[in-house]
Amino acid sequence: MELGAGFPQRAIGSDNGALRDYVQGVEQLGYAHIRAADHVLGADASQYELEGPYTHHALFREPLVMFGYAAAITSSIKLVTSVLILSQRQTALVAKQAAEVDLLSGGRLELGIGSGWNEVEYEALGVDFATRGSRIEEQIGLLRRLWEEPLVTFDGEHHAFRDAGINPLPGRPIPIWMGGYARVMMERTGRLGDGWLVPPRFHRPEGFLPRRDRVLAAAEAAGRDPSTIGFNLSVSTKGKDLDEQLRRAELWRGMGATRFTVSTNTSGMATVGEHLEALRAFIEAYPE
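Values in this document were obtained by computation on a predicted structure and should not be read as measured data.

Undergrad: Is there a simple way to think about the overall build of the chain in this case?
TA: Within the chain, the secondary structure is distributed over 10 helices and 10 strands. Over its C-alpha atoms the chain spans a radius of gyration of 19 Å, differing by no more than 12% from the 19 Å that the globule rule assigns to 288 residues. Taken across its 288 residues, the chain has 48% of its residues classed as buried. Pairs at least 24 apart in sequence give 70% of the contacts found in the chain among residues at least 6 apart. Considering the chain, the positive charge centre built from 30 side chains and the negative charge centre built from 37 side chains are found 2 Å apart.

Following this line, the structure appears as structure tokens:
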């Protein structure tokens, strides 16, 4: 089972030196991937009724720009958006940006995508929140065509252009993982995705297993090999000692996890050194 680290944006904030030390430190420890979250805008919770946990006080680095920087200071670690809110973005621009990060990193980008929950963010970016589901369906196929074909002609519900393409191409199909918890998302992952970035709310067997089975059933119904679908589960170090972290890793591996992410983001640790030390303790204790 591949091990990764969840980028602690709350602790590192806008400190570029801390960002450099963390990214390089995680790679040196031997972790295989870094997951970084995404929000373009936060909103004032006193003015809106929002589903999600973040407000304008939450700090988020822009993941694709940040990964362009990370690509230059690392050599092997995978760079995973977890998740890029694809539906609120221009598809051709995402294709171009993702291709550039993939080229700069030598093929290490993995695009984790989702449709999000923040209506304020959609409104500010000029995108219809109500159509985000149908939009992301169309975007997935269009992204893959833009990464593979020098010229694309497309006429869909949300996109239309003729004989246009990005250049340079990434030279490979960039993996697309999906995050979220709606039933339609699980079916979409099985039909179209390379893997599921499992939300923390389903990190109990009774929550995860039936949803895992929906993903696999959807893959089989679409004529895909279910064994090719990845599952990335995680553990927060907050309130959990090392033994509990290791126990959960083994539990998820036994339930079909192909990847496991250790998140120190909400642990209250104040320095990069503390985050790296927690990650060091886990990877040194984890059985090969």
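Undergrad: I tried to follow the packing of aromatic side chains on my own but got confused; where do I start?
TA: Centre-to-centre distance and the angle between the planes together describe a pair of aromatic rings. Counting across every chain of the model gives 8 aromatic pairs. Pairing tyrosine 54 with phenylalanine 60 gives two aromatic rings, centres 4.8 Å apart and planes at 90°, and the pair type is edge-to-face. The exposure class assigned to phenylalanine 60 is buried, which follows from its relative accessible area of 16%. On the basis of an interplanar angle of 25° and a centroid distance of 6.1 Å, the ring pair of tryptophan 196 and phenylalanine 208 is categorised as stacked. Of the two residues, tryptophan 196 sits in strand 8 (residues 195-197) while phenylalanine 208 sits in helix 8 (residues 205-221), which places them 12 residues apart along the sequence. Take tryptophan 196 and phenylalanine 208: they sit in the same class, and that class is buried. Among the aromatic residues, ring-to-ring pairing joins Trp196, Phe208 and Phe231 into one connected group.

Undergrad: Honestly, the sheet that holds strand 3 (residues 78-85) in this entry has me stumped. Any pointers?
TA: Within a sheet, adjacent strands bond to each other through the backbone by hydrogen bonds, running parallel or antiparallel. Within the closed barrel, the 8 strands sit side by side as 1-2-3-4-7-8-9-10. Their pairing is parallel. Recorded for the sheet is a direction-independent mean angle of 25° between the axes of neighbouring strands. Pairing between strand 7 (residues 176-179) and strand 8: 3 bridges, direction parallel. If you follow glycine 179 over to strand 8, its bridge partner there is leucine 197. This element, helix 7 (residues 183-192), spans strand 7 and strand 8 of the sheet and lies at about 170° to strand 7.

Undergrad: Can you help me understand the layout of surface pockets in this one?
TA: Summary: where empty space remains is shown by rolling a probe the size of a single water molecule over the atoms. The computed volume of the largest pocket comes to approximately 1500 Å³. Every residue lining the largest pocket is counted, 47 residues in all, and those nearest its centre are Tyr54, Ser82, Val83, Pro199 and Pro200. Its residues assigned to classes, the lining of the largest pocket shows 20 nonpolar, 18 polar and 9 charged. Along the walls of the second largest pocket sit Val40, Glu62, Gln88, Arg89, Gln90, Leu93, Val94, Gln97, Leu125 and Val127, which together make up its complete lining. By residue class, the composition of the lining of the second largest pocket is 5 nonpolar, 3 polar and 2 charged.

Undergrad: Would you mind showing me how to read the pattern of salt bridges here?
TA: Throughout the structure, instances matching the rule amount to 18 salt bridges. Among the ionic pairs, glutamate 62 bridges to arginine 89, the shortest N-O distance being 3.5 Å. Highlighted residues: glutamate 62 in the loop between strand 2 (33-36) and helix 3 (63-73) and arginine 89 in the loop between strand 3 and helix 4 (91-105), separated in sequence by 27 residues. By relative accessible area, which is 33% here, glutamate 62 ends up partly exposed. Look at arginine 89 and you get buried, because its relative accessible area is 12%. As a salt-bridge pair, aspartate 102 and arginine 172 come within 2.6 Å of each other at their nearest N and O atoms.

Definitions and cut-offs
Residues numbered from 1 in each chain as written. Predicted model: local features only at pLDDT ≥ 70, side-chain atom pairs only at ≥ 80, totals over all residues. Heavy atoms only, no water. Helix = DSSP H or I, 4+ residues; strand = E, 2+ residues; numbered from the N terminus. Rg over C-alpha atoms; globule rule 2.2 N^0.38 Å. Buried < 20%, exposed > 50% of the residue type's maximum accessible area, 1.4 Å probe, protein only. Contact = heavy atoms within 4.5 Å. Lys, Arg positive; Asp, Glu negative; His and termini not counted. Charge placed at Lys NZ, Arg CZ, Asp CG, Glu CD. Phe/Tyr/Trp six-rings, centres within 6.5 Å; stacked < 30°, edge-to-face > 60°. Pairing = 2+ DSSP bridges. Axes fitted to C-alpha atoms, helices over the stretch in contact; angles between N-to-C directions. 1 Å grid on protein atoms, 1.4 Å probe; cavity = no way out; pocket = protein on both sides within 12 Å on 5 of 7 lines; lining within 4 Å. Points joined across faces, edges and corners; volume = space filled by probe spheres on them. Nonpolar A, V, L, I, M, F, W, Y, C, P; charged D, E, K, R; others polar. Salt bridge = Lys/Arg side-chain N within 4 Å of Asp/Glu carboxyl O.

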